[in-house]
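Residue-level listing of the chains:
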Amino acid sequence: VETQLGRGGTATVSCVFDRNTGERVALKQLSPHGSPAVVARMRTLFERECLTLTLLNHPRIVRVLDHGLNEDVPYYTMELLSGGDLMEIAPLPWQRVCEIGRDVCSALSLLHARRMVYRDLTPRNVRCTSDGLAKLIDLGALAHNARAIRAFMAALPGGRAVPGLVGVVKANAYGHGASIAGPT
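Residues numbered from 1 in each chain as written. Predicted model: local features only at pLDDT ≥ 70, side-chain atom pairs only at ≥ 80, totals over all residues. Heavy atoms only, no water.

Time to look at the environment of Gly8. By the element assignment, Gly8 lies in the loop between strand S1 (3-7) and strand S2 (11-18). Sequence separation between Gly8 and Leu30 is 22 residues; the distance between their C-alpha atoms is 9.6 Å. (Helix = DSSP H or I, 4+ residues; strand = E, 2+ residues; numbered from the N terminus.)

Here it is, written out as structure tokens:
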């Protein structure tokens with residue numbers, strides 16, 4: 001572990017050196033605490049996040065590189081995004097805000113097409129790459145259910161209208177607007 005990048009309620013993210021590839025990557029590892037029932041729930045959600053990120057293949061969503069267990073604690077590695085999050089790079093010119101907004105909307109569009117809702121759209125969860133592209137990170141609060149997972153796994157082309165999806169898009173559009181505009 002070279003440095004800790006972040007710590008949340010359920011996991012820590014660190015910058016590590018991958019000996020197999022010779023590259024620096026981000027390591028997200030579950031930080032289990034609480035009762036056995038709480039730890040089991042945390043583990044289930046963490047593993048779901050890893051699986052979802054592994055299956056999503058989108059240039060505007062962080063990419064998982066590897067996953068596994070370290071002393072029975074789940075982890076996954078992902079690409080290290082070195083361009084900073086929106087809080088770190090703000091303020092931005094309006095043209096750049098529009099570019100980032102386009103990137104985030106592209107990722108949200110894929111999630112909505114898969115009947116998923118990204119419920120944690122904040123400036124800290126949009127990171128930029130060194131070449132300026134924006135990517136969503138931290139899909140731990142992603143809302144989906146068994147039916148949505150089956151539809152996602154089937155990945156039917158064309159899709160169908162989903163009741164309530166307009167409300168979901170509006171909710172995410174507001175969250176996105178608040179994220180790209182930053183605090184007032």
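We are not done yet, so read on.
To continue, consider the pairing of S2. The buried fraction of S2 amounts to six of the eight residues, a majority that puts the element mostly inside the structure. Where S1 and S2 come together, four bridges link them in antiparallel fashion. Paired with Thr3 across the two strands is Cys15, which belongs to S2. Between the antiparallel neighbours S1 and S2 lie three residues. (Buried < 20%, exposed > 50% of the residue type's maximum accessible area, 1.4 Å probe, protein only. Pairing = 2+ DSSP bridges.)

Quick look at the packing of aromatic side chains now. Inspection of every chain in the model, using the stated rule, returns one aromatic pair. Ring geometry for Phe46 versus Tyr76: centroids 5.4 Å apart, planes at 40°, classification tilted. Of this pair, Phe46 sits in helix H1 (residues 36-55) while Tyr76 sits in strand S5 (residues 73-79), and the two are 30 residues apart along the sequence. Of the residues examined, Tyr76 reaches a relative accessible area of 1% and is grouped as buried. (Phe/Tyr/Trp six-rings, centres within 6.5 Å; stacked < 30°, edge-to-face > 60°.)

By the definition in use, this model includes twelve salt bridges. Among the salt bridges present, the one from Lys28 reaches Asp138, with a minimum N-O distance of 3.2 Å. With a gap of 110 residues between them, Lys28 in strand S3 (residues 23-30) and Asp138 in the loop between strand S7 (134-136) and helix H4 (146-154) connect regions that are remote in the sequence. Judged by relative accessible area, Lys28 falls into the buried class, the value being 8%. Its salt-bridge partner being Glu47, residue Arg43 comes within 3.1 Å of it at the nearest N-O pair. Note that Arg43 and Glu47 are positioned in helix H1 at a spacing of four residues, about one turn of the helix. Through salt bridges that share partners, Asp85, Glu88, Arg124 and Arg127 make up one connected network. (Salt bridge = Lys/Arg side-chain N within 4 Å of Asp/Glu carboxyl O.)

The next point concerns the nonpolar core. Ile61, Leu111, Tyr118, Val126, Leu136 and Leu139 are the most contacted members of the largest nonpolar core, which has 33 residues in total. Elements with a minimum of two residues in this core: S2, S3, H1, S5, helix H3 (94-113), strand S6 (126-128) and S7. With six residues, the top contributor of residues to this core is H3. Once residues lying within four places of it in the same chain are set aside, the contact partners of Val126 are Gly84, Asp85, Leu86, Ile100, Val104, Leu121, Ala134, Lys135 and Leu136. (Core = buried A, V, L, I, M, F, W, Y, C linked by side-chain atoms within 4.5 Å. Contact = heavy atoms within 4.5 Å.)

Attention now moves to the pairing of strand S4 (residues 64-70). In the sheet, S4 pairs with S5 via six bridges, with the strands oriented antiparallel. Bridge pairing links Leu69 to Pro74 in S5.

Looking now at the environment of Gly101. Mapped onto the secondary structure, Gly101 falls in helix H3. Distance in space between the C-alpha atoms of Gly101 and Ala134 is 8.4 Å, their sequence separation being 33 residues.

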